[in-house]
Amino acid sequence: METPTSALPAQTAPTAPSAPTARAAPATEPVAGDPLWQRAELLFVAWRSGDQHALDGLVRAVTPVLWHIVRAYGLDRETADDVVQTTWLTLVRRGDAIRDERAVLRWLTITARREAWRSSQQARRATPSDDEVLETVLPRQVSAETIVVRDDEQRALWSYVGRLSERCQRLLRVIAFSDRPDYAGLAEELQMPVGSIGPTRGRCLDKLRALMAPTAAPTKEGTS
Amino acid sequence: MSDDASLMHRVRGMWEQLDPPPADLADRVLFALELEDLDTEFELLRLTERSDALAGTRAPRGATSDATHITFSGDQLTVMLAVAGPGNDGRRLDGWIAPASEARVVARTATGERETVADATGRFVLEDVPPGMLRLVFFPVTDDGTDTPFVTPTVEV
């Protein structure tokens, strides 16, 4: 199914001038010091110069990030799936317009957000089904291998995050899966100055901490 | 602050674990992109509705409740699709293009293509379509042959 053998950036992007180091890890594995935007750039450059395999690597490397960003808009899994597909089709069709190859990841995430935003507005007009309501409470389709030791902790965190405002949830999820250069796009979309993204994120995290901390409850647990 | 950074890291890990992308999403994207080798421009429809047949339910033969219903929409038209056929058997696709128009209909699956035509009422049928990834491409039949073909996103049937 997965073929992580494809597309080492160092091999597929021989022409990239600013990539001095050879990379030993497959493109699908995050590597410290090798940010996703840079890998995306190398793969994109390689693909543009005719290496079809590089597109394979690019899709596998960036799709999970697009998924999480799209899901930040409260779309159900089916719709999120569709939005991710549309995003890639848009790249293949209109990718010529990308002048600065370093910006390809940002271009992809912004395209995905626009499409997700549009879909979420459409969905809002329809009444949510019981399934969709439930879905925001419980993660669906948890694959077998994810049910491991940390499951309880993760689920608790999931429910705390679910109690944050929609805006906080979206902001945190988009930021969590975006590289720093994406701040400007996010600011534009949430209609706030770039400078206030950081503080807002801080406040959202504070609220999350407050929810996580078992504060001096009036019941028996008198924690400090 | 590193406090914030570590909490962000935890939250990211939580999403990665509890709400991961479908395992085959990248595969399906690549499948969909293959279609881009067609040199014509075409319009991408959106999946606007899907109701899956309830697993395990038995409906009378031919009853519509036994089928998965999928709706694709574009600016100009809508395609409704009923997918029937249980388990690993071939699927039967009953489709309807609205507003009604004639078209050549190509079904792309992981194992090849099937082709049929939609008649003047916009209806078409494809039988024995292998289960799995499916994508439909429509080539409208017009006098001058200039209408833009349209294509659905990839769906699992």
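Residues numbered from 1 in each chain as written. Chains lettered and ligands numbered in written order. Predicted model: local features only at pLDDT ≥ 70, side-chain atom pairs only at ≥ 80, totals over all residues.

S.K.: Explain the overall build of chain A to me, please; I cannot follow it from the model alone.
M.R.: Secondary structure assignment for chain A yields ten helices and zero strands. Reading chain A from its N end, one meets helices and strands in the order α-α-α-α-α-α-α-α-α-α. For chain A, with 224 residues in total, the buried portion stands at 36%. Relative to all contacts within chain A whose residues are 6 or more apart in sequence, the contacts with residues 24 or more apart total 65%. (Helix = DSSP H or I, 4+ residues; strand = E, 2+ residues; numbered from the N terminus. Buried ≥ 20, exposed ≤ 12 C-beta atoms within 10 Å, placed from the backbone. Contact = placed C-beta atoms within 7 Å.)

S.K.: Please explain the overall build of chain B as it appears in this structure.
M.R.: In terms of helices and strands, chain B carries two helices and eleven strands. N-terminal to C-terminal, the α/β element order of chain B is α-α-β-β-β-β-β-β-β-β-β-β-β. Residue burial in chain B is summarised as follows: out of 157 residues, 30% are buried. Across chain B, contacts joining residues at least 24 apart in sequence account for 46% of those joining residues at least 6 apart.

S.K.: Quick question: what am I supposed to make of helix H4 (residues 77-94) of chain A here?
M.R.: The α-helix advances 3.6 residues per turn, and as a result positions three or four apart in sequence lie on the same side. Over its 18 residues, H4 of chain A runs 25 Å from end to end, which matches the ideal 26 Å to within 8%, given 1.5 Å per residue. Turning to H4 of chain A, its buried residues are Thr79, Ala80, Asp81, Asp82, Val83, Val84, Gln85, Thr86, Thr87, Trp88, Leu89 and Leu91 of chain A. (Expected span 1.5 Å × (residues − 1).)

S.K.: Is there a simple way to explain the pairing of strand S7 (residues 112-118) of chain B in this structure?
M.R.: If a strand is regular, its side chains alternate between the two faces of the sheet. Residue and element names in this part refer to chain B. Note: strand S6 (residues 103-109) against S7, seven bridges, orientation antiparallel. Bridging from a neighbouring strand, Thr109 pairs with Gly112 of S7. Taken together, S6 and the strand that follows it, S7, pair antiparallel across an intervening segment of two residues. (Pairing = 2+ DSSP bridges.)

S.K.: I would appreciate a short explanation of the confidence of the model for chain B in the present structure.
M.R.: A low pLDDT score tells you not to read the predicted coordinates there in detail. All names here are of chain B. Counting all residues, the mean pLDDT for chain B is 84, and 84% of those residues have values of 70 or more. Confidence drops under a pLDDT of 50 for residues 56-64, and excluding neighbours within four residues, the segment shows three contacts in the predicted structure. Interface confidence in the predicted complex, given as ipTM, is 0.71; pTM for the same model is 0.62. (pLDDT = per-residue confidence, 0-100.)

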